[in-house]
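Spelled out, the chains give:
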Amino acid sequence: MDICNKTVLEWVDEAVELCRPDKVMWIDGSNEQAEMLRKEAMATGELIKLNEEKLPGCFLHRSDPDDVARVEDRTFICCRKEEDAGPTNNWFDPKVAYPTLKKLFDGCMQGRTMYVIPYIMGPIGSPYSKVGIEVTDSIYVTLSMLIMTRAGDCALEQLGESNDWVRCMHSKANLDPDNRYICHFPEDNAIWSINSGYGGNALMGKKCFALRIASYQGKNEGWMAEHMLILGIENPKGEVRYVAAAFPSACGKTNLAMLIPPKVYEKDGYKAWCVGDDIAWMRKGPDGRLYAINAEKGFFGVAPGTNAKSNPNALATTQKNTIFTNVVLNCDDNTVWWESLDKNPPKNSIDWKGNIWNGREDVKGAHPNSRFTAPAENCPVLSPEFNSPEGVPIDAIIFGGRRAKTAPLVYQARDWQHGVFIGSTMASETTAATTGAVGVVRRDPMAMLPFCGYHMGDYFKHWLEMGDDLGEKAPKIFNVNWFRVDDDGNFIWPGFGDNMRVIMWILDRAAGKGHAVETPIGYEPAPEDINTEGLDISRQTLEDLLNVDVDLWKDEVAGIKEFYAKFGDKLPKELYDELDKLEANLNK
Ligand code: GTP
Ligand code: SPV
Ligand code: MN
């Protein structure tokens, strides 16, 4: 295809001049080209071809053992004024960042090919979609982008002559962790990422563009870019209603997005549809309601824990044309394995680091953040609205995280402002999705702490303004916690498909129906308001799940105060009002 967008051509010329690749290849989105790249990656060992009968079109990739997760301490927001990045982001002065990065990029692609990937975030032809161009020297990144985004000529066609596109410079360079930089320049529509080849550091459509840059664009243009799954629930009459849910990384978005209804609903004809599992772009539609599109075209899902019982739809999605990263290679039949896939760790196998493993019990075979990159079209429950340019109307927004004791199974905000307060005070135990300690409780507002491209105080304000704009038609806001444990540390809620029982209460409430009781923290169902037919759960357990421990919540208030203090006068007054209300309710 002839590329006539001058802004694109000029920028690619500059990138070539800086990186000095031996060759430049424009990714057109054709299968022939992708096939050629796969062959080349197999020849270099970057991809290992898996069993064509059992896993057609599937590959295994092993990343560098030092490059297995997002690196939040190496991720920067490079806006001109430090205060605009806010207290929760690492700021890097663009006056210093650009020269630093240019030095690292200088000649970094010598002896390599530069792949130029034009891509669309969002459905083709949607007025809500946006275009990015990523240059990279990684075939793995290129093939992953072809799965995760609508990439190739379609993106250049959609862009036309426009200058509204995100410039994404990526090089794996030499994977040096000390010189790893994931830098965002929201004011320049640009992202520079170097010395990582992994997931959210390198697939720049994902967190870099679709959340960090897009959240900044959304604030300026009156829409929202959120770390949310989108799920549709169809009732026996064929009516589908949608929820969007924000949980921190590795806290259950993919699982909820692909849930299988429990028998009690399935027998009556209820169905669940997956629109997206990680990134929702939302804006007010022509009828005044909030509409969401999934910015992505594939799933970059956590492998460990995915199995035929927990998430059969995700497992089915990975059975063809999928790239697995950092899982176990079963040498007997050339397939893959990860912890809790089944109870039979392969006896003759290689672990994620490339060492002989053979199912030994003292070390994990797959990395805890090992992932599959799978096309959305493989998903057995992909929503018929997946490619809809208008998106789907959202009835409820759900926040959630991993909390051992504090947060109850579910509660509802009294109104939008209270809902924004709940989102802004979210906390969760950290997971393997980012480097650093696992299992430490940290505040993660709206699951966006590592992904907001500007000052989070302004982000909260933007949420409040969206609520004002949506008025009566705003979705209702809820909070869930699938991860309450007993005193021995066992999860007490069955979770997974059974989470639909909670979603049903949420949808009832969002429709202005359904029973609730008022608690100091918001509206909760009474134990009998959750449908437990067919579930082996005692009333006492349900009461425990819904219990609000006033002392723990008083500690929570203290924690929130400390967290809010970071934002100084950028924290909207409305949220302090809500905090006062919560404190007063707890002291009643
Ligand atoms: P990212 O892709 O990092 O954004 O993660 P995610 O939010 O999509 O998380 P995912 O659905 O992949 O789940 C991560 C882990 O949580 C897996 O080990 C799941 O098995 C586990 N998990 C998901 N849902 C539930 C649940 O309802 N209950 C319990 N106990 N565990 C769950
Ligand atoms: C997350 O960490 O939230 C992910 C994986 O979805 S990554 O693409 O690495 O951001
Ligand atoms: Mn995610």
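Criteria and thresholds
Residues numbered from 1 in each chain as written. Chains lettered and ligands numbered in written order. Predicted model: local features only at pLDDT ≥ 70, side-chain atom pairs only at ≥ 80, totals over all residues. Heavy atoms only, no water. Core = buried A, V, L, I, M, F, W, Y, C linked by side-chain atoms within 4.5 Å. Buried < 20%, exposed > 50% of the residue type's maximum accessible area, 1.4 Å probe, protein only. Helix = DSSP H or I, 4+ residues; strand = E, 2+ residues; numbered from the N terminus. Domains from an automatic or database assignment. Contact = heavy atoms within 4.5 Å. Axes fitted to C-alpha atoms, helices over the stretch in contact; angles between N-to-C directions. Parallel < 35°, antiparallel > 145°, perpendicular 65-115°, else oblique. Left-handed = near helix turned anticlockwise from the far one by under 90°. Patch = residues over 30% accessible without salt bridge, like charges linked within 9 Å, V, L, I, M, F, W, Y side chains within 5 Å. Areas by Shrake-Rupley, 256 points an atom, 1.4 Å probe, with all protein chains shown as cover. Salt bridge = Lys/Arg side-chain N within 4 Å of Asp/Glu carboxyl O. Lys, Arg positive; Asp, Glu negative; His and termini not counted. Charge placed at Lys NZ, Arg CZ, Asp CG, Glu CD. Near = heavy atom within 4 Å. Polar contact = N/O pair within 3.5 Å; in protein donor to acceptor, adjacent residues only side chain to side chain. Nonpolar A, V, L, I, M, F, W, Y, C, P; charged D, E, K, R; others polar. Donors = N, O, S within 2.8 Å, 3.2 Å for Na, K, Ca; no water. Tetrahedral: all angles 85-135°; square planar, octahedral: opposite > 155°, others 65-115°. Pairing = 2+ DSSP bridges. Buried area = accessible area lost by both parts, 1.4 Å probe.

Focus: the nonpolar core
Trp 281, Met 282, Ile 397, Phe 399 and Trp 463 are the most contacted members of the largest nonpolar core, which totals 95 residues. If you tally residues by element for this core, the top one is helix α5 (residues 139–148), at eight residues. Looking at which domains feed residues into this core, each of domain 1 (6–46 + 70–222) and domain 2 (226–296 + 384–587) gives three or more. Apart from residues no more than four positions distant in its own chain, Ile 397 is found in contact with Met 228, Ala 244, Met 282, Leu 290, Trp 416, Trp 463, Pro 475, Lys 476, Ile 477 and Phe 478. Counting residues in hydrophobic clusters, the runner-up holds 64 residues, among them Ala 303, Ile 506, Ala 510 and Leu 546.

Details of the packing of helix α16 (residues 550–565) against helix α17 (residues 573–587)
With their axes 10 Å apart at the nearest point, α16 and α17 run at an angle of 160° to one another. The pairing of α16 with α17 is recorded here as roughly antiparallel in orientation. Crossing handedness for the pair α16 and α17: left-handed. In this structure, α16 uses Val 550, Trp 553, Lys 554, Val 557, Ile 560, Lys 561, Tyr 564 and Ala 565 to contact α17, whose residues at the interface are Leu 575, Tyr 576, Leu 579, Leu 582, Glu 583, Leu 586 and Asn 587.

Details of a negative patch on the surface
The grouping of Glu 10, Asp 13, Glu 14 and Glu 17 at the surface amounts to a negative patch. Locating Glu 17 in the fold gives a position in helix α1 (residues 6–19).

Some thoughts on the site of ligand 2
Taken together, Arg 70, Gly 199, Gly 200, Lys 206, Lys 207, His 227, Ser 249, Asp 278, Phe 300, Arg 371, Ala 433 and Phe 451 make up the full set of residues adjacent to ligand 2. Within the side chain of Arg 70, a nitrogen or oxygen atom sits 2.9 Å from an oxygen atom of ligand 2. At a separation of 2.6 Å, an oxygen atom of ligand 2 approaches a polar side-chain atom of Lys 207. Relative to its unbound accessible area of 280 Å², ligand 2 is 98% covered by the protein chains. Secondary-structure elements contributing two or more residues to the shell around ligand 2 are α7 (199–202) and α8 (205–221). The residue makeup of the shell around ligand 2, split by class, is three nonpolar, four polar and five charged. Each of two domains, domain 1 (6–46 + 70–222) and domain 2 (226–296 + 384–587), supplies a minimum of three residues to the shell around ligand 2.

Thoughts on the coordination of the manganese ion (ligand 3)
Bound to the manganese ion (ligand 3) on the protein side are Lys 207 (NZ), His 227 (NE2) and Asp 278 (OD), at distances that span 2.1 to 2.5 Å. In this structure, the manganese ion (ligand 3) is surrounded by six donor atoms whose angles at the metal cover 63 to 175°, and the resulting shape is irregular. Mapped onto the polypeptide sequence, the residues donating to the manganese ion (ligand 3) form the spacing pattern K-x19-H-x50-D. Of this pair, Lys 207 sits in helix α8 while Asp 278 sits in the loop between β15 (271–276) and β16 (280–284); the two residues are 71 residues apart in sequence, bridging distant segments of the chain. Take Lys 207 and Asp 278: they sit in the same class, and that class is buried.

Regarding the sheet that holds strand β21 (residues 335–337)
The three strands lie next to each other as β21-β20-β22, forming an open sheet whose pairing is antiparallel. Of all strands in the sheet, those with a lone pairing partner are β21 and β22 (349–350), marking the two edges. In terms of strand pairing, strand β20 (residues 328–330) meets β22 through two bridges, oriented antiparallel. Bridged to Asn 330 within β22 is Ser 349.

Some details on the domain arrangement of the protein chain
Here the protein chain is described as being made up of domain 1 (6–46 + 70–222), domain 2 (226–296 + 384–587) and domain 3 (299–378). Counting residues at the interface gives nine residues for domain 1 and eleven residues for domain 3. Here domain 1 and domain 3 share an interface that buries about 800 Å² over both sides, 70% of which is from carbon and sulfur atoms. For the pair domain 1 and domain 3, the number of links is two residue pairs in polar contact (both at pLDDT 80 or more).

Topic: the environment of Asp 342
Considering the arrangement of structural elements, one finds Asp 342 in the loop between β21 and β22. For Asp 342, a relative accessible area of 34% puts it in the partly exposed group. A polar contact of 2.8 Å, which involves the side chain of Asp 342, links it to the side chain of Trp 337. Polar contacts involving the side chain of Asp 342 include one to the main-chain amide nitrogen of Asn 344, which spans 2.8 Å.

A closer look at the sheet that holds strand β19 (residues 323–325)
Spatial strand order, β2-β3-β19-β23-β18: five strands in an open sheet with mixed pairing. Each edge of the open sheet is held by one strand with a lone partner, namely β2 (48–49) and β18 (298–302). With five bridges connecting them, β18 and strand β23 (residues 371–375) associate as antiparallel partners. Note that in β23 the partner of Phe 300 across the bridge is Thr 373.

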